[in-house]
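Structural characterization, general
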Amino acid sequence: MRRNLDLSALRALAAIADFGGVTRAAQLLNLTQSAVSMQIKRLEESLGLTLLDRTGRGVSLTSAGEQLLSYARRIIALNDEAVERLTDSEYEGVITVVVPHDIVYPHIPQVLRHFHSMYPRMQVQLLTQNTLRAKESFARGECDLILTTEAHCDAGGETLTRLPLLWIGAPGGNAWRQRPLRLAQGRVCAFRAGIVAALDRADIPWETAVESESDRTLEAAVSCDMAIHALLAGTEPPHVERIAHGGALPDLNSYLINLYMRPGNATPGVAALADLLRKAWDSDGRIPQGMAAE
């Protein structure tokens, strides 16, 4: 049968260790000295161990008591953290986050799921906007955090990772072999100018087959082999594939994923969410703040 440790008794043990005796521990805990002694006695009986050495002047922890103390401190800290996050009004409210559509996957769903488990009383409002509009919203104070895809990082931003831009097409498709090369392009896209410049440098004729503000529309055009597109590595939807062109298409630039958080924002939830975003992209190859894309 599993036995449960009494949290109040663990607090008493920690207080005795911190303040050197039952009397001062009782004062700290706002209990009588006999109540604290009884808590320790019950804890000893439940474990079948002697936790306090009472043979000398005052009391000290036995070897078993010292071992239990290390566990007690961790149990108390975890309990207090859970209670604080679940009940403290400091951990209530709404956090508005803006993320470009093309980097919502794969990390954002996992980050939000983890954040909700940590702060169930906080609500995250997720908006998808391209980088230009995200930065405009941030400048107007309409959001707490934004992620961007850029060739550089502005002052006040923090670079999370750098990812290469890759050509994508329909699985087994041939649109990439056609000339002029047919492109699916976003009307407002941070990558568009670089893609066009790379094709022009390579003397590859091209035309816009599909132009839309809807990423779903672009994905549909690519998946049916009407055109090709370019996305950051690791963000491709499952119904397209990277084009193994063997050098027939030019290499594209890499881009930074940047995080912007309002200076001086001390809201615990905002700081925690920013930290989860950092950790999510850390495995992609985090680079120093402000490093420009090649």
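Relevant structure appears above.
The paragraphs below set out a description of the structure included in this document. Sequence order as written defines residue numbering, which begins from 1 separately in each chain. Confidence filtering applies because this is a predicted model: local features only for residues at pLDDT of at least 70, side-chain atom pairs given and counted only at 80 or more, and all residues used for totals across whole chains, interfaces and linings. In computing side-chain values, all of the structure's heavy atoms are included and hydrogens and water are not.

Taken together, the side chains of L5, Y71 and I75 present a nonpolar region at the surface, about 270 Å² in accessible area. Here a helix means four or more residues in a row that DSSP labels H or I, a strand means two or more in a row labelled E, and each is numbered from the N terminus. With respect to the helices and strands, the residue Y71 is situated in helix α4 (residues 63-87). Within the patch definition used here, like charges are joined within 9 Å and nonpolar side chains (Val, Leu, Ile, Met, Phe, Trp, Tyr) within 5 Å, considering only residues with over 30% relative accessible area and no salt bridge. Only the protein chains shown count as cover for residues, with accessible areas throughout obtained via the Shrake-Rupley method and a probe of 1.4 Å. By convention in these notes, a salt bridge is any Lys or Arg side-chain nitrogen within 4 Å of a carboxyl oxygen on Asp or Glu.

Turning our eyes to something else, we now look at the environment of Q185. Along the polypeptide, Q185 turns up in strand β7 (residues 181-186). Categorising residues by exposure relies on relative accessible area from a 1.4 Å probe, with only protein chains included: less than 20% of the type maximum marks a residue as buried, more than 50% marks it as exposed, and the intermediate range marks it as partly exposed. Judged by relative accessible area, which is 5%, Q185 ranks as buried. Sequence-wise, Q185 and D215 are 30 residues apart; in three dimensions their C-alpha atoms are separated by 9.1 Å. The term polar contact refers here to a pair of N or O atoms within 3.5 Å; inside protein, the definition further demands a hydrogen-donor-capable atom paired with an acceptor-capable atom, and it admits residues adjacent in sequence only when both atoms are side-chain atoms. Side-chain polar atoms of Q185 contact the side chain of T208, separated by 2.9 Å.

A few words on the side chain of T159. Checked against the element boundaries, T159 lands in strand β6 (residues 157-169). Note on T159: relative accessible area 1%, which makes it buried. Engagement of the side chain of T159 in a polar contact is seen with the side chain of N258, the distance being 2.8 Å.

Turning to helix α6 (residues 131-139), its buried residues number three or more, namely T131, A134, S137 and F138. For α6, the arc enclosing every buried residue in end-on projection is 125°, short of the 170-degree limit, so these residues lie on one face. Looking at α6, the residues exposed on the side facing more than 90 degrees away from the buried face are L132 and A139. When checking whether two residues touch, look at their non-hydrogen atoms; a contact exists if any pair is within 4.5 Å. The elements touched by buried residues of α6 are β3 (93-99), β5 (145-150) and β11 (254-261). The N-capping residue of α6, defined by a side-chain oxygen 3.2 Å from the backbone nitrogen of L132, is N130. Think of it as the arc spanned by the lines of direction from the helix axis to the C-beta atoms.

Attention now moves to the packing of helix α1 (residues 7-19) against α4. It is at 9 Å that the axes of α1 and α4 come closest, and there the two elements cross at 120°. The angle between the axes of α1 and α4 places the two elements in the oblique class. Between α1 and α4 the crossing geometry is left-handed. Across the interface between the two elements, L7, L10, R11, L13, A14, A17 and D18 of α1 pack against G65, L68, L69, A72, R73, I75, I76, N79 and D80 of α4. Residues are grouped as follows: nonpolar covers Ala, Val, Leu, Ile, Met, Phe, Trp, Tyr, Cys and Pro; charged covers Asp, Glu, Lys and Arg; every other residue, Gly included, is treated as polar. Residues that form the contact of α1 with α4 fall into these classes: ten nonpolar, two polar and four charged. All axes are obtained by fitting lines to C-alpha atoms, using only the stretch in contact for helices, and the reported angles, taken between N-to-C directions, cover 0 to 180 degrees. Oblique is the label for every angle not falling under 35 degrees (roughly parallel), over 145 degrees (roughly antiparallel), or within 65 to 115 degrees (roughly perpendicular). Working rule for handedness: look at the near helix, and if it is turned counterclockwise from the far one by less than a right angle, call the crossing left-handed; if clockwise, right-handed.

Now for the nonpolar core. Formed by 44 residues in total, the largest nonpolar core has its most connected members in L147, W167, I228 and L277. Sort the elements by how many residues they give to this core and helix α9 (residues 268-282) lands first, with eight residues. Not counting residues up to four positions away in its chain, the partners in contact with L147 are V98, V99, P100, I103, I108, L160, N258, L259, L277 and W281. By size, the runner-up hydrophobic cluster in this structure holds 20 residues, among which are A9, A14, A26 and L69. Only buried residues count toward a nonpolar core, which is a set of Ala, Val, Leu, Ile, Met, Phe, Trp, Tyr and Cys residues joined through side-chain atoms within 4.5 Å.

Below, the discussion takes up the state of the cysteines. Disulfides are defined as pairs of cysteine sulfur atoms found within 2.5 Å of each other. For the coordinates displayed, the defined rule picks out zero disulfides. The closest cysteine sulfur to the non-disulfide-bonded C189 is located on C224, 19 Å from its own sulfur. Overall, the relative accessible area of 29% leaves C189 in the partly exposed class. Since its relative accessible area comes to 48%, C224 is described here as partly exposed.

These figures capture arrangement, not role.
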